[in-house]
Amino acid sequence: MTHELLTIGRISVDIYPNDIGVGLEDVNSFGKYLGGSPSNVAVAAARHGRRTGVITRTGDDPFGEYLHRELRKFNVDDTYVTPVEDWPTAVTFCAIKPATDEFPLYFYGRFPTAPDLQIKTGELDLDAIRESGIFWSTVTGLCQEPSRSAHIAAHEARPRTGLAEGQFTILDLDYRPMFWASEGEARAEVARILPHVTVAIGNDKECAVAVGEGTPDEQADRLLAAGVEIAVVKLGPEGVMAKTRSERVVSAPVPVETLNGLGAGDSFGGAFCHGLLSGWPLAQVLDYANAAGAIVASRLSCADAMPTPDEVISLLAERGRPVHGAGAAGSEANAQLAAEGAAL
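Overview of the structure. (Residues numbered from 1 in each chain as written. Predicted model: local features only at pLDDT ≥ 70, side-chain atom pairs only at ≥ 80, totals over all residues. Heavy atoms only, no water.)

**Structural notes on the packing of helix α6 (residues 204-211) against helix α7 (residues 216-225)**
Rule in force here: Lines fitted to the C-alpha atoms define the axes, with helices restricted to the stretch that makes contact. Angles between their N-to-C directions range from 0 to 180 degrees. Secondary structure elements follow DSSP: runs of H or I no shorter than four residues count as helices, runs of E no shorter than two count as strands, and numbering proceeds from the N terminus. Working definition: roughly parallel below 35 degrees, roughly antiparallel above 145 degrees, roughly perpendicular at 65 to 115 degrees, and oblique for all remaining angles. By definition, any crossing whose near helix is turned counterclockwise from its far helix by less than a right angle is left-handed, and any crossing with a clockwise turn is right-handed. Residue contacts follow a heavy-atom distance rule, with two residues in contact if any of their heavy atoms lie within 4.5 Å. When residues are sorted by character, Ala, Val, Leu, Ile, Met, Phe, Trp, Tyr, Cys and Pro go into the nonpolar class, Asp, Glu, Lys and Arg into the charged class, and all the rest, Gly among them, into the polar class.
The geometry of α6 relative to α7 is characterised by a closest axis approach of 10 Å and an angle of 45° between their N-to-C directions. Taken together, the axis directions place α6 and α7 in an arrangement best described as oblique. As α6 packs across α7, the resulting crossing turns out to be left-handed. Along the contact surface, α6 presents Asp204, Cys207, Ala208 and Val211, while α7 presents Gln219, Arg222 and Leu223. Residues belonging to the contact of α6 with α7 are distributed by class as follows: four nonpolar, one polar and two charged.

Okay, structure coming up:
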(Lines give C-alpha, C1' and ligand atoms only; values in the text may rest on other atoms or scores of the structure.)
Protein backbone atom coordinates (compact mmCIF):
# COMPACT_ATOMS: atom_id res chain seq x y z
CA MET A 1 0.00 0.00 0.00
CA THR A 2 1.33 3.42 -0.96
CA HIS A 3 -0.13 5.96 1.40
CA GLU A 4 -1.42 9.23 0.05
CA LEU A 5 -0.84 10.59 3.57
CA LEU A 6 1.40 9.08 6.23
CA THR A 7 1.62 10.81 9.61
CA ILE A 8 3.92 10.24 12.57
CA GLY A 9 3.57 11.10 16.24
CA ARG A 10 1.02 11.61 18.96
CA ILE A 11 -1.97 9.40 19.67
CA SER A 12 -4.14 9.28 22.75
CA VAL A 13 -7.56 8.52 24.12
CA ASP A 14 -9.51 11.79 24.37
CA ILE A 15 -11.97 11.94 27.27
CA TYR A 16 -14.45 14.71 26.58
CA PRO A 17 -17.26 15.76 28.93
CA ASN A 18 -20.89 15.26 28.04
CA ASP A 19 -21.63 18.20 30.35
CA ILE A 20 -20.85 21.41 28.48
CA GLY A 21 -19.94 24.72 30.04
CA VAL A 22 -18.62 23.49 33.40
CA GLY A 23 -15.22 22.63 34.86
CA LEU A 24 -14.06 19.03 35.06
CA GLU A 25 -14.83 19.00 38.77
CA ASP A 26 -18.52 19.36 37.92
CA VAL A 27 -18.73 16.91 35.02
CA ASN A 28 -20.81 13.79 35.63
CA SER A 29 -20.17 11.77 32.47
CA PHE A 30 -17.67 11.62 29.64
CA GLY A 31 -17.29 10.24 26.11
CA LYS A 32 -14.21 8.38 24.86
CA TYR A 33 -12.63 9.20 21.47
CA LEU A 34 -9.48 8.69 19.44
CA GLY A 35 -7.17 11.70 19.76
CA GLY A 36 -3.69 13.05 19.11
CA SER A 37 -3.07 15.60 16.39
CA PRO A 38 -1.20 13.54 13.72
CA SER A 39 -3.67 10.68 14.19
CA ASN A 40 -6.61 13.06 13.85
CA VAL A 41 -5.12 14.49 10.64
CA ALA A 42 -4.93 10.97 9.18
CA VAL A 43 -8.57 10.38 10.12
CA ALA A 44 -9.59 13.72 8.61
CA ALA A 45 -7.89 12.95 5.29
CA ALA A 46 -9.39 9.45 5.25
CA ARG A 47 -12.84 11.07 5.51
CA HIS A 48 -12.02 12.80 2.22
CA GLY A 49 -11.29 9.43 0.64
CA ARG A 50 -7.51 9.40 1.00
CA ARG A 51 -5.38 6.33 1.77
CA THR A 52 -3.84 7.24 5.10
CA GLY A 53 -1.68 5.65 7.75
CA VAL A 54 -0.12 6.52 11.11
CA ILE A 55 3.28 5.76 12.61
CA THR A 56 2.86 5.77 16.38
CA ARG A 57 2.93 3.72 19.59
CA THR A 58 0.34 2.87 22.23
CA GLY A 59 0.54 1.15 25.57
CA ASP A 60 0.07 -2.61 25.68
CA ASP A 61 -3.32 -2.20 27.29
CA PRO A 62 -7.07 -2.02 26.54
CA PHE A 63 -6.89 1.67 25.61
CA GLY A 64 -4.24 0.79 23.03
CA GLU A 65 -6.51 -1.84 21.55
CA TYR A 66 -9.33 0.71 21.49
CA LEU A 67 -7.17 3.09 19.43
CA HIS A 68 -6.39 0.32 16.92
CA ARG A 69 -10.10 -0.40 16.61
CA GLU A 70 -10.90 3.28 16.07
CA LEU A 71 -8.19 3.75 13.42
CA ARG A 72 -9.53 0.77 11.50
CA LYS A 73 -13.07 2.10 11.86
CA PHE A 74 -11.97 5.32 10.19
CA ASN A 75 -10.12 3.41 7.40
CA VAL A 76 -6.68 4.50 8.65
CA ASP A 77 -3.90 1.95 8.19
CA ASP A 78 -2.61 0.89 11.62
CA THR A 79 0.26 -1.30 10.36
CA TYR A 80 2.83 1.01 11.96
CA VAL A 81 0.96 1.37 15.26
CA THR A 82 2.55 -0.99 17.78
CA PRO A 83 2.53 -1.33 21.59
CA VAL A 84 5.31 -0.59 24.07
CA GLU A 85 5.39 -2.47 27.36
CA ASP A 86 6.65 0.10 29.83
CA TRP A 87 4.21 2.99 29.41
CA PRO A 88 0.39 3.14 29.43
CA THR A 89 -1.59 4.63 26.57
CA ALA A 90 -1.84 8.38 27.06
CA VAL A 91 -5.20 9.90 28.01
CA THR A 92 -6.24 13.52 27.51
CA PHE A 93 -9.09 15.19 29.38
CA CYS A 94 -10.71 18.41 28.23
CA ALA A 95 -13.18 20.84 29.72
CA ILE A 96 -15.51 22.45 27.17
CA LYS A 97 -16.63 26.03 27.85
CA PRO A 98 -17.71 27.51 24.52
CA ALA A 99 -19.28 30.62 26.11
CA THR A 100 -15.85 31.79 27.26
CA ASP A 101 -13.88 30.12 24.44
CA GLU A 102 -12.05 27.92 26.95
CA PHE A 103 -11.03 24.35 26.12
CA PRO A 104 -8.25 23.50 28.60
CA LEU A 105 -6.40 20.21 28.10
CA TYR A 106 -5.14 17.96 30.88
CA PHE A 107 -2.58 15.36 29.79
CA TYR A 108 -2.26 12.08 31.69
CA GLY A 109 0.29 9.37 30.96
CA ARG A 110 2.64 11.74 29.08
CA PHE A 111 5.15 12.48 31.84
CA PRO A 112 7.96 11.65 32.01
CA THR A 113 7.19 10.12 28.60
CA ALA A 114 4.46 8.51 26.53
CA PRO A 115 4.33 5.51 24.19
CA ASP A 116 4.20 7.71 21.06
CA LEU A 117 7.52 9.29 22.12
CA GLN A 118 9.12 5.83 22.07
CA ILE A 119 9.19 5.52 18.26
CA LYS A 120 12.70 4.32 17.37
CA THR A 121 14.70 4.92 14.21
CA GLY A 122 15.32 1.23 13.57
CA GLU A 123 11.58 0.52 13.55
CA LEU A 124 10.77 2.91 10.70
CA ASP A 125 9.72 1.72 7.25
CA LEU A 126 11.75 4.32 5.37
CA ASP A 127 10.48 3.12 1.99
CA ALA A 128 6.88 3.79 3.04
CA ILE A 129 7.90 7.23 4.29
CA ARG A 130 9.72 8.04 1.03
CA GLU A 131 6.88 6.81 -1.17
CA SER A 132 3.92 8.46 0.57
CA GLY A 133 2.27 11.34 -1.25
CA ILE A 134 2.44 13.48 1.88
CA PHE A 135 4.50 12.84 5.01
CA TRP A 136 3.17 14.78 8.02
CA SER A 137 4.98 15.32 11.31
CA THR A 138 4.64 17.72 14.24
CA VAL A 139 7.01 19.71 16.43
CA THR A 140 5.78 17.77 19.48
CA GLY A 141 7.42 14.65 18.11
CA LEU A 142 10.79 16.38 18.43
CA CYS A 143 10.51 17.09 22.16
CA GLN A 144 12.40 14.03 23.45
CA GLU A 145 14.29 10.89 22.49
CA PRO A 146 13.97 8.39 20.91
CA SER A 147 11.13 10.05 18.98
CA ARG A 148 13.34 13.03 18.07
CA SER A 149 15.96 10.90 16.32
CA ALA A 150 13.27 8.86 14.59
CA HIS A 151 11.65 12.01 13.23
CA ILE A 152 14.99 13.33 11.99
CA ALA A 153 15.83 10.00 10.33
CA ALA A 154 12.40 9.94 8.65
CA HIS A 155 12.92 13.42 7.22
CA GLU A 156 16.49 12.71 6.14
CA ALA A 157 15.21 9.67 4.23
CA ARG A 158 12.85 11.97 2.36
CA PRO A 159 14.95 14.94 1.14
CA ARG A 160 13.26 17.75 -0.76
CA THR A 161 15.41 16.98 -3.79
CA GLY A 162 14.06 13.43 -3.86
CA LEU A 163 10.40 14.34 -3.98
CA ALA A 164 8.40 13.71 -7.13
CA GLU A 165 5.89 16.21 -8.46
CA GLY A 166 2.80 16.12 -6.27
CA GLN A 167 4.67 14.93 -3.18
CA PHE A 168 4.83 17.13 -0.09
CA THR A 169 6.49 17.01 3.33
CA ILE A 170 4.48 18.91 5.93
CA LEU A 171 5.56 20.09 9.38
CA ASP A 172 2.79 21.07 11.78
CA LEU A 173 4.39 23.70 14.01
CA ASP A 174 2.22 22.37 16.87
CA TYR A 175 4.10 23.81 19.89
CA ARG A 176 2.95 22.74 23.35
CA PRO A 177 5.10 24.38 26.04
CA MET A 178 4.52 21.67 28.69
CA PHE A 179 6.56 19.26 26.57
CA TRP A 180 9.62 21.51 26.26
CA ALA A 181 12.25 22.98 28.57
CA SER A 182 12.15 26.26 26.64
CA GLU A 183 11.07 27.88 23.38
CA GLY A 184 14.72 28.07 22.41
CA GLU A 185 15.09 24.30 22.62
CA ALA A 186 12.04 23.85 20.39
CA ARG A 187 13.32 26.44 17.89
CA ALA A 188 16.66 24.61 17.61
CA GLU A 189 14.93 21.31 16.85
CA VAL A 190 12.60 22.91 14.29
CA ALA A 191 15.67 24.35 12.55
CA ARG A 192 16.99 20.81 12.06
CA ILE A 193 13.79 19.68 10.35
CA LEU A 194 12.92 22.71 8.19
CA PRO A 195 15.55 21.92 5.50
CA HIS A 196 13.51 18.80 4.65
CA VAL A 197 10.05 20.42 4.78
CA THR A 198 8.06 21.74 1.82
CA VAL A 199 4.99 22.98 3.76
CA ALA A 200 4.87 24.48 7.27
CA ILE A 201 1.60 25.20 9.09
CA GLY A 202 1.13 27.11 12.34
CA ASN A 203 -0.56 29.95 14.18
CA ASP A 204 1.26 33.15 15.11
CA LYS A 205 2.61 31.78 18.40
CA GLU A 206 3.79 28.55 16.79
CA CYS A 207 5.45 30.46 13.96
CA ALA A 208 7.12 32.72 16.53
CA VAL A 209 8.62 29.68 18.25
CA ALA A 210 9.81 28.33 14.91
CA VAL A 211 11.23 31.47 13.28
CA GLY A 212 10.79 34.37 15.71
CA GLU A 213 8.27 37.10 16.44
CA GLY A 214 6.93 39.26 13.63
CA THR A 215 3.95 39.94 11.44
CA PRO A 216 2.34 36.96 9.69
CA ASP A 217 4.02 38.02 6.44
CA GLU A 218 7.42 38.31 8.12
CA GLN A 219 7.04 34.87 9.66
CA ALA A 220 5.91 33.37 6.35
CA ASP A 221 8.87 34.98 4.60
CA ARG A 222 11.28 33.46 7.13
CA LEU A 223 9.79 30.04 6.58
CA LEU A 224 10.15 30.50 2.83
CA ALA A 225 13.75 31.64 3.32
CA ALA A 226 14.38 28.37 5.17
CA GLY A 227 13.37 26.54 1.99
CA VAL A 228 9.71 25.84 2.68
CA GLU A 229 7.63 26.09 -0.51
CA ILE A 230 4.27 26.89 1.16
CA ALA A 231 4.05 28.75 4.47
CA VAL A 232 0.62 28.66 6.11
CA VAL A 233 0.00 31.11 8.96
CA LYS A 234 -3.31 30.92 10.80
CA LEU A 235 -4.67 34.39 11.54
CA GLY A 236 -7.28 33.55 14.18
CA PRO A 237 -10.47 35.57 13.62
CA GLU A 238 -9.04 36.92 10.35
CA GLY A 239 -8.80 33.51 8.71
CA VAL A 240 -5.65 31.91 7.34
CA MET A 241 -2.88 33.02 4.99
CA ALA A 242 -0.74 30.90 2.70
CA LYS A 243 2.34 32.26 0.98
CA THR A 244 4.70 30.93 -1.66
CA ARG A 245 7.54 32.69 -3.44
CA SER A 246 5.10 33.90 -6.09
CA GLU A 247 1.69 34.00 -4.43
CA ARG A 248 -0.06 35.24 -1.29
CA VAL A 249 -3.63 34.17 -0.55
CA VAL A 250 -5.89 34.72 2.44
CA SER A 251 -9.03 32.72 3.19
CA ALA A 252 -11.60 34.51 5.33
CA PRO A 253 -13.11 32.62 8.27
CA VAL A 254 -16.16 30.43 7.76
CA PRO A 255 -18.43 31.54 10.63
CA VAL A 256 -20.01 28.82 12.78
CA GLU A 257 -21.21 28.58 16.36
CA THR A 258 -18.24 27.03 18.17
CA LEU A 259 -18.92 24.12 20.50
CA ASN A 260 -15.39 22.72 20.87
CA GLY A 261 -12.43 24.52 19.31
CA LEU A 262 -10.17 21.48 19.70
CA GLY A 263 -9.72 19.36 16.58
CA ALA A 264 -10.50 22.16 14.14
CA GLY A 265 -6.83 22.49 13.24
CA ASP A 266 -6.54 18.77 12.60
CA SER A 267 -9.61 18.85 10.37
CA PHE A 268 -8.02 21.79 8.55
CA GLY A 269 -4.84 19.74 8.13
CA GLY A 270 -6.54 16.66 6.69
CA ALA A 271 -8.60 18.75 4.28
CA PHE A 272 -5.51 20.78 3.32
CA CYS A 273 -3.74 17.53 2.42
CA HIS A 274 -6.74 16.45 0.35
CA GLY A 275 -6.65 19.74 -1.56
CA LEU A 276 -2.92 19.50 -2.22
CA LEU A 277 -3.23 15.91 -3.44
CA SER A 278 -6.12 16.99 -5.68
CA GLY A 279 -3.90 19.59 -7.33
CA TRP A 280 -6.23 22.49 -6.55
CA PRO A 281 -5.09 26.12 -6.65
CA LEU A 282 -3.83 27.28 -3.27
CA ALA A 283 -6.81 29.60 -2.67
CA GLN A 284 -9.20 26.69 -3.18
CA VAL A 285 -7.19 24.47 -0.84
CA LEU A 286 -7.39 27.11 1.89
CA ASP A 287 -11.12 27.70 1.53
CA TYR A 288 -11.88 23.99 1.64
CA ALA A 289 -9.61 23.41 4.64
CA ASN A 290 -11.07 26.43 6.43
CA ALA A 291 -14.60 25.10 6.04
CA ALA A 292 -13.54 21.62 7.21
CA GLY A 293 -12.01 23.13 10.33
CA ALA A 294 -15.12 25.19 11.02
CA ILE A 295 -17.33 22.12 10.90
CA VAL A 296 -15.33 20.34 13.59
CA ALA A 297 -15.30 23.49 15.75
CA SER A 298 -19.10 23.30 15.74
CA ARG A 299 -19.09 19.69 17.02
CA LEU A 300 -18.13 18.00 20.29
CA SER A 301 -15.46 15.46 19.40
CA CYS A 302 -12.41 15.50 17.13
CA ALA A 303 -11.84 12.29 15.16
CA ASP A 304 -15.52 11.32 15.11
CA ALA A 305 -16.45 14.85 14.03
CA MET A 306 -14.27 14.99 10.90
CA PRO A 307 -16.45 16.01 7.93
CA THR A 308 -16.99 14.34 4.58
CA PRO A 309 -16.45 16.21 1.29
CA ASP A 310 -20.22 16.59 0.88
CA GLU A 311 -20.45 18.34 4.25
CA VAL A 312 -17.60 20.71 3.43
CA ILE A 313 -19.00 21.52 0.01
CA SER A 314 -22.47 22.13 1.48
CA LEU A 315 -21.14 24.53 4.11
CA LEU A 316 -19.21 26.51 1.51
CA ALA A 317 -22.32 26.70 -0.65
CA GLU A 318 -24.39 27.93 2.30
CA ARG A 319 -21.85 30.68 2.87
CA GLY A 320 -21.86 31.69 -0.81
CA ARG A 321 -18.23 30.69 -1.25
CA PRO A 322 -16.77 28.96 -4.33
CA VAL A 323 -17.33 25.24 -4.09
CA HIS A 324 -14.54 22.78 -4.78
CA GLY A 325 -14.58 19.05 -5.32
CA ALA A 326 -16.50 16.57 -7.38
CA GLY A 327 -19.54 14.42 -6.80
CA ALA A 328 -23.24 14.97 -6.53
CA ALA A 329 -23.06 17.48 -3.68
CA GLY A 330 -20.51 19.58 -5.50
CA SER A 331 -22.51 19.63 -8.71
CA GLU A 332 -25.76 20.46 -6.94
CA ALA A 333 -24.14 23.19 -4.86
CA ASN A 334 -22.49 24.74 -7.88
CA ALA A 335 -25.76 24.61 -9.79
CA GLN A 336 -27.55 26.26 -6.88
CA LEU A 337 -24.98 29.06 -6.71
CA ALA A 338 -25.16 29.56 -10.45
CA ALA A 339 -28.96 29.79 -10.31
CA GLU A 340 -28.79 32.30 -7.47
CA GLY A 341 -26.26 34.33 -9.43
CA ALA A 342 -28.47 34.32 -12.51
CA ALA A 343 -31.44 35.47 -10.44
CA LEU A 344 -29.41 38.40 -9.20
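**Concerning helix α4 (residues 147-156)**
For the record, the criterion: Each residue's exposure class comes from its accessible area (1.4 Å probe, protein chains only) as a fraction of the maximum for that residue type: buried when under 20%, exposed when over 50%, partly exposed otherwise.
With eight of its ten residues buried, α4 lies for the most part within the structure. Looking only at α4, the buried set comprises Ser147, Arg148, Ala150, His151, Ile152, Ala153, Ala154 and His155. Those residues of α4 that are buried are in contact with β1 (5-8), α3 (126-131), β9 (134-138), β10 (168-172) and α5 (183-193).

**Observations concerning the nonpolar core**
We apply this condition: Working definition of a nonpolar core: buried Ala, Val, Leu, Ile, Met, Phe, Trp, Tyr and Cys residues. They are joined through side-chain atoms within 4.5 Å.
Of all hydrophobic cores here, the largest spans 34 residues; its most connected members are Ile170, Val199, Ile201, Val232, Phe268, Phe272 and Leu276. With nine residues, helix α9 (residues 282-297) is the largest single contributor of residues to this core. In this structure, Val199 is in contact with Phe168, Thr169, Ile170, Leu171, Val228, Ile230, Phe272 and Leu276, ignoring residues within four places of it in sequence. Of all hydrophobic cores here, the second largest spans 29 residues; its members include Leu117, Leu171, Ala210 and Leu223.

**Some points on the sheet that holds strand β3 (residues 30-35)**
Definition in use: Pairing between strands is defined by DSSP: at least two bridges between them are needed.
Within the open sheet, the four strands sit side by side as β3-β2-β7-β8. Their pairing is mixed. Looking at which strands have only one partner, the edges of the open sheet turn out to be β3 and β8 (105-108). Each strand of the sheet is rotated relative to its neighbour by a mean of 25°, with strand direction disregarded. Where strand β7 (residues 91-94) and β8 come together, four bridges link them in antiparallel fashion. When the sheet's bridge partners are listed, Thr92 is paired in β8 with Phe107. Sheet strands in contact with helix α2 (residues 62-73) are β2 (12-17), β3 and β7, and its direction is about 70° off that of β3.

**A word on the side chain of Glu70**
Take Glu70: it is sitting in helix α2. Judged by its relative accessible area of 7%, Glu70 falls in the buried class. If sequence neighbours within four positions are ignored, Glu70 has contacts with Leu34 and Asp304.

**Quick word on the pairing of β2**
Summarising burial for β2: six of the six residues are buried, a large majority. Bridging between β2 and β7 involves three bridges; their strand directions are parallel. Following the sheet pairing, Val13 is matched in β7 by Val91.

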